[in-house]
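Observations on the model geometry
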Amino acid sequence: MGKVALVTGSSRGIGRAIALKLAEDGYDVCINYEKRKDKAEETAGLARGLGSRAVTFQADVSDRAAVERMFAFVRENLGEVDLLVSNAGIAGQVQIQDITKERWDRFFQVNVNGAFNTVQCAIPHMLHEKKGCIITISSMWGLRGASCESAYSATKAALIGFTRSLANELAPSGIRVNCIAPGVIDTDMLDELPEGVKDTLADETPLGRLGKPEDIADLVSFIASEKAGFITGQVITSDGGFVV
Ligand code: NAP
């Protein structure tokens, strides 16, 4: 059996780039998605072309029973998960006076409870083996504030606290837990930004460009590797110098 990675939200965007990079690194990967089966199948096809025994699984990460079904499916088809990348997330800009309770709750259900659900399903095997790697995908907006991002920022800051505490708790069991805080990365997530904001964000980035999904995938590949074997509990930015 080869190494197995589960990447949540890997049908598109950053998650897709991570899944493909891990396929290149020799992992069998599970491509998780919520709605876009077509994109998930496309990603799995690309991963198989790189030699991975890639599978797809539809599961809303906020739904605990669905996440449990996904882990059972992966166990049966690929083996136990050695590397979990908790990437699935939702974003959106909204003024604090306009955000509904339902929308606020949904941000937390997906971005925070989704990470909790997948981590809790992944660790029994890792604890048993006394090894494993967990990477959460936060955001630079979890490190600093931004107007109209209070709900998103709150969830991404929560992920950072979750990661740091988990790293302390799981280090004696040989499990490393780290967090990546991307800057502005050019994916579908930016589609709902008002006209011109993408260009402004690129200008505000000291390196003068938006990030690519592959920038984050390369970092995941490093953190997951033996080369990062002494790194745990860290929040690592890849943001072109946005948060310094
Ligand atoms: P994206 O292009 O919008 O893709 C989102 C991915 O997450 C898709 O695969 C989507 O699946 C999946 N997803 C959404 N809700 C889900 C749910 N409830 N259960 C399972 N999967 C779900 O987003 P992205 O830009 O790649 O972002 C990926 C992660 O990076 C997110 O956590 C985001 O907050 C974080 N991030 C992004 C940026 C950025 O600038 N893009 C910056 C910082 C951090 P479907 O295809 O099925 O809809």
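Every value quoted in this text rests on a predicted model; they were computed, and no experiment measured them. (Residues numbered from 1 in each chain as written. Predicted model: local features only at pLDDT ≥ 70, side-chain atom pairs only at ≥ 80, totals over all residues. Heavy atoms only, no water.)

As a further point, take the site of the ligand. Surveying the vicinity of the ligand reveals 33 residues, the closest of which are Ser-11, Lys-35, Asn-87, Tyr-152 and Thr-187. Backbone polar atom of Arg-36 to an oxygen atom of the ligand: 2.7 Å apart, as the coordinates give it. Between the ligand and Lys-156, the relevant distance is 2.9 Å, taken from an oxygen atom to a side-chain nitrogen or oxygen of the residue. Calculation on the ligand without its partners gives an accessible area of 900 Å², and the protein chains cover 95% of this total. More than half of the atoms belonging to the ligand lie within 2 Å of the grid points that define the largest pocket. Contributions of two or more residues to the shell around the ligand are made by α1 (13–24), β2 (27–33), α4 (101–129) and α5 (150–170). Residues of the shell around the ligand, tallied by class, amount to 14 nonpolar, 11 polar and 8 charged. (Near = heavy atom within 4 Å. Polar contact = N/O pair within 3.5 Å; in protein donor to acceptor, adjacent residues only side chain to side chain. Areas by Shrake-Rupley, 256 points an atom, 1.4 Å probe, with all protein chains shown as cover. 1 Å grid on protein atoms, 1.4 Å probe; cavity = no way out; pocket = protein on both sides within 12 Å on 5 of 7 lines; lining within 4 Å. Sits in = over half its atoms within 2 Å of the grid points. Helix = DSSP H or I, 4+ residues; strand = E, 2+ residues; numbered from the N terminus. Nonpolar A, V, L, I, M, F, W, Y, C, P; charged D, E, K, R; others polar.)

The next thing to look at is α4. End to end, α4 covers 41 Å across 29 residues, agreeing with the expected 42 Å (1.5 Å per residue, within 8%). One or two residues past the end of α4 sits Lys-130, with phi positive at roughly 55°. (Expected span 1.5 Å × (residues − 1).)

What follows is about the sheet that holds strand β4 (residues 83–86). Spatially, β3-β2-β1-β4-β5-β6-β7 is the arrangement adopted by the 7 strands of the open sheet, whose pairing is parallel. A single partner strand is all that each edge strand has here, and the edge strands are β3 (55–58) and β7 (235–238). Geometrically, the sheet is characterised by an average inter-axis angle of 20° between neighbouring strands, direction not taken into account. Against the sheet, helix α2 (residues 37–49) touches β2 and β3, its axis set at about 170° to β2. In the packing of helix α7 (residues 213–224) onto the sheet, contacts are made with β2, β4, β5 (132–137), β6 (175–182) and β7, and the angle to β6 comes to roughly 165°. (Pairing = 2+ DSSP bridges. Axes fitted to C-alpha atoms, helices over the stretch in contact; angles between N-to-C directions. Contact = heavy atoms within 4.5 Å.)

So, about the nonpolar core. Of all hydrophobic cores here, the largest spans 30 residues; its most connected members are Ile-18, Leu-22, Leu-83 and Ile-135. Looking at this core, the elements with two or more residues in it are β1 (3–7), α1, β2, α2, β4, β5 and α7. Of the residues forming this core, the biggest block, 7 residues, is contributed by α1. Those residues in contact with Ile-18 that sit more than four places away from it in its chain are Val-7, Val-85, Asn-87, Ile-137, Ile-216, Ala-217 and Val-220. (Core = buried A, V, L, I, M, F, W, Y, C linked by side-chain atoms within 4.5 Å. Buried < 20%, exposed > 50% of the residue type's maximum accessible area, 1.4 Å probe, protein only.)

Next up on the list: the packing of α1 against α7. Where α1 contacts α7, the two axes come as close as 8 Å, and the packing angle between them is 45°. Taken together, the axes of α1 and α7 lie oblique to each other. The interaxial crossing formed by α1 with α7 has right-handed handedness. Mapping the contact onto sequence places Gly-13, Ile-14, Ala-17, Ile-18, Lys-21 and Leu-22 in α1 and Pro-213, Glu-214, Ile-216, Ala-217, Asp-218, Val-220 and Ser-221 in α7. Of the residues assigned to the contact of α1 with α7, the class counts are 8 nonpolar, 2 polar and 3 charged. (Parallel < 35°, antiparallel > 145°, perpendicular 65-115°, else oblique. Left-handed = near helix turned anticlockwise from the far one by under 90°.)

These figures capture arrangement, not role.
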